[in-house]
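Topology and contacts: notes
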Amino acid sequence: MITAIATDMDGTFLDEKSTYDKKYFSTLQQKMKAKGIRFIVASGNQYFRLKSYFADPKDIIFISENGGIITINDEMEMVASFDTQEVSQVLELLEELKIPVVVCGAKRAYTLEGVSEEFETFAHTYYEKLELLSSSDKLPEDTVVKFATIIPAEELTPVKATLNRWLKQAINTETDE
């Protein structure tokens with residue numbers, strides 16, 4: 001017996017235009033609900049971005065921020081977060097390496113004013129609620145669940161090694177490669 005159906009969003013559930021057949025899905029959603037089948041969206045995207053794709057998100061389980069937040073019926077049921085010291089360490093190192101970052105919080109995402117246009121476009125693509133900050137020292141009170149960045153392919157291996165060495169394996173770097 002099927003009890004749940006889980007999907008990624010980008011390139012799996014969504015087409016190349018970041019959309020889907022909403023009428024067809026609505027019919028499927030009603031059938032799944034009638035049979036007690038849960039629909040689960042799992043993605044690296046921010047919860048608010050994922051929720052915005054659905055007209056009726058209340059029966060959908062959202063696993064967002066690469067598993068950092070699980071939301072059911074608009075309530076955060078699980079949040080895996082970094083402590084304040086880890087956040088400071090990561091931001092200090094990324095600043096030293098001159099790597100722009102999106103700090104992904106439970107309430108919203110944050111990046112610095114003055115990042116490249118390419119990076120700001122990337123940030124706005126995946127983060128519905130994004131705040132531009134004048135300094136990383138201005139980071140508001142929030143529960144940090146993920147750091148997102150863009151690193152050129154040719155720099156990825158040495159940057160990952162530096163991050164893992166500097167953070168002494170307390171935090172593991174993951175890539176979409």
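Presented here is an overview of the structure given in this document. Here the structure is a predicted model, which is why all the values come from computation and not from measurement.

The next subject is the pattern of salt bridges. A side chain with one charge may pair with a side chain of the opposite charge, provided their charged atoms come close. Under the criterion given, the structure shown has 6 salt bridges. Note that Asp59 and Lys33 form a salt bridge whose closest N and O atoms lie 3.1 Å from each other. Linking Asp59 in the loop between α3 (47–52) and β3 (60–64) with Lys33 in helix α2 (residues 22–34), this pair joins segments that are 26 residues apart in sequence. Ionic pairing is found between Glu131 and Arg108, a salt bridge with its closest N-O pair at 3.3 Å. Note that Glu131 is positioned in strand β8 (residues 130–133) and Arg108 in the loop between β6 (102–105) and β7 (109–112), a separation of 23 residues in sequence. Owing to a relative accessible area of 29%, Glu131 belongs among the partly exposed residues under this scheme.

Before going further, it helps to spend a moment on the packing of aromatic side chains. Under the definition given, this model contains 15 aromatic pairs. For the pair Phe13 and Phe39, a centre-to-centre distance of 5.7 Å together with 50° between the ring planes defines the contact as tilted. With Phe13 in helix α1 (residues 9–13) and Phe39 in strand β2 (residues 38–42), this pair connects stretches of sequence that are 26 residues apart. The residues Phe13 and Phe39 share a single accessibility class, namely buried. Aromatic rings pair up to connect Phe13, Tyr20, Phe25, Phe39, Tyr47, Phe48, Phe54 and Phe62 into one cluster. Over the aromatic face of Tyr20 sits the side chain of Lys22, whose NZ or CZ is 5.7 Å from the ring centroid.

Strand order in this open sheet of 5 strands is β1-β2-β3-β4-β5, and the pairing throughout is mixed. In this open sheet, the two strands that pair with only one neighbour each are β1 (4–7) and β5 (75–79). Across the sheet, the mean angle from the axis of one strand to that of its neighbour is 20°, orientation sign disregarded. Pairing of β1 with β2, which is carried by 4 bridges, proceeds in the parallel orientation. Counted as the bridge partner of Ala6 is Ile40 from β2.

Basis of the calculations
Residues numbered from 1 in each chain as written. Predicted model: local features only at pLDDT ≥ 70, side-chain atom pairs only at ≥ 80, totals over all residues. Heavy atoms only, no water. Salt bridge = Lys/Arg side-chain N within 4 Å of Asp/Glu carboxyl O. Helix = DSSP H or I, 4+ residues; strand = E, 2+ residues; numbered from the N terminus. Buried < 20%, exposed > 50% of the residue type's maximum accessible area, 1.4 Å probe, protein only. Phe/Tyr/Trp six-rings, centres within 6.5 Å; stacked < 30°, edge-to-face > 60°. Lys NZ or Arg CZ within 6 Å of the ring centre and 35° of its normal. Pairing = 2+ DSSP bridges. Axes fitted to C-alpha atoms, helices over the stretch in contact; angles between N-to-C directions.

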